[in-house]
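These are the residues of each chain, in order.
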Amino acid sequence: MAYRIALVSGKGGSGKSTATAGLAQAFCAQGLRVLCVDCDIGLRSLDLLLGFPGDIVFSWADVLRGNCTLEQALRTRDTISLLPAPLATMEKPDGEAYFALLRRVSSDYDIVLLDAPAGFSVGFALAAAPADLALVVAQAEPVALRSAAVCVRDLHEAYPTLKVRLLLNRLHKKRVQNGINLNIDDAIDSVGAQLIGIIPEDEAVPAMLGKGKPLPDYARAAGAFARTARRVGGESLPLRID
Ligand SMILES: Nc1ncnc2c1ncn2[C@@H]1O[C@H](COP(=O)(O)OP(=O)(O)OP(=O)(O)O)[C@@H](O)[C@H]1O
Ligand SMILES: [Mg+2]
């Protein structure tokens, strides 16, 4: 059975979809079979970030409605598979049918990454409820960290057995020095979750992932995603701002 990781946040734009794509690339480089599930109903973005052609017709919602088979909705490019979210808003899907679909598709993969929408809408539960691990993605700024703390608290309340970790994104040494970004210890204290990774602010993210291209190995963010993926796998590596 695949290890399922939800990427969640309180605040929008924290980098959940970016981290999903970056971690997918990192796990693939480890030789693992990776499936990404876009849970951002109506506002999906993983198909673009992962560089899938613009001819996607079906989503997991179509599989649930019987409009297509799982094979028709599931897309694979290079070594990463994607189950796209519907592009239109929809009524709350049948939870049991959705979880059964996830169980069925998960058996072919080692890692399943579930990219949630911002906040605590239906898509949040679609990502968090089936997960083994939730990564709360946040920038190290007071407003973002407060919403990350709320997210951590809600996750613990709703899913008491779920492992919850903080993934700091867009860290910038200079911004820490001049007080715009909180330092790492203060960020961890304010969120109340163990830190599992620090992804630096890196122009390669919009320049490459933003255009559907993989991050080059030399990009600082690529190294940081690779180390985060290894920590998820249980390795103990020092945490640093690149
Ligand atoms: N480490 C980074 N360095 C530079 N830019 C980044 C980084 N992480 C994310 N970004 C940029 O921040 C923006 C938002 O990222 P992304 O779409 O991944 O956030 P999100 O949390 O998925 O947003 P939403 O809540 O809308 O789903 C994008 O333009 C992305 O390129
Ligand atoms: Mg997103």
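Here goes a summary of the coordinates provided. (Residues numbered from 1 in each chain as written. Chains lettered and ligands numbered in written order. Predicted model: local features only at pLDDT ≥ 70, side-chain atom pairs only at ≥ 80, totals over all residues.)

Take the overall build of the chain next. Helix and strand content of the chain: 11 helices and 8 strands. Rg of the C-alpha trace for the chain: 17 Å, near the compact-globule value of 18 Å for 242 residues, within the 12% margin. In the chain, which comprises 242 residues, the share counted as buried stands at 46%. (Helix = DSSP H or I, 4+ residues; strand = E, 2+ residues; numbered from the N terminus. Rg over C-alpha atoms; globule rule 2.2 N^0.38 Å. Buried ≥ 20, exposed ≤ 12 C-beta atoms within 10 Å, placed from the backbone.)

Where burial is concerned, most of strand β8 (residues 194-200) is hidden: 5 out of the 7 residues are buried. Strand direction decides the pairing type here: strand β7 (residues 163-171) and β8, joined by 5 bridges, are parallel. The partner of Leu171 across the bridge, within β8, is Pro200. (Pairing = 2+ DSSP bridges.)

Strand pairing in a sheet takes place through backbone hydrogen bonds and is either antiparallel or parallel in direction. One open sheet accounts for 8 strands, arranged β3-β4-β2-β5-β1-β6-β7-β8; its pairing is mixed. Each of the sheet's edge strands pairs with one partner strand only, and the pair in question is β3 (75-77) and β8. Across the sheet, the mean angle separating the axes of adjacent strands is 25 degrees when strand polarity is ignored. Both strand β2 (residues 34-38) and strand β5 (residues 111-115) contribute to a ladder of 5 bridges, which runs parallel. In the strand pairing of β5, Val34 is matched with Ile111. The sheet contacts of helix α1 (residues 16-29) involve β1 (3-8), β2, β4 (80-83), β5, β6 (133-139), β7 and β8, and relative to β5 the element is tilted by about 170 degrees. Against the sheet, helix α7 (residues 142-158) touches β1, β6 and β7, its axis set at about 165 degrees to β6. (Axes fitted to C-alpha atoms, helices over the stretch in contact; angles between N-to-C directions. Contact = placed C-beta atoms within 7 Å.)

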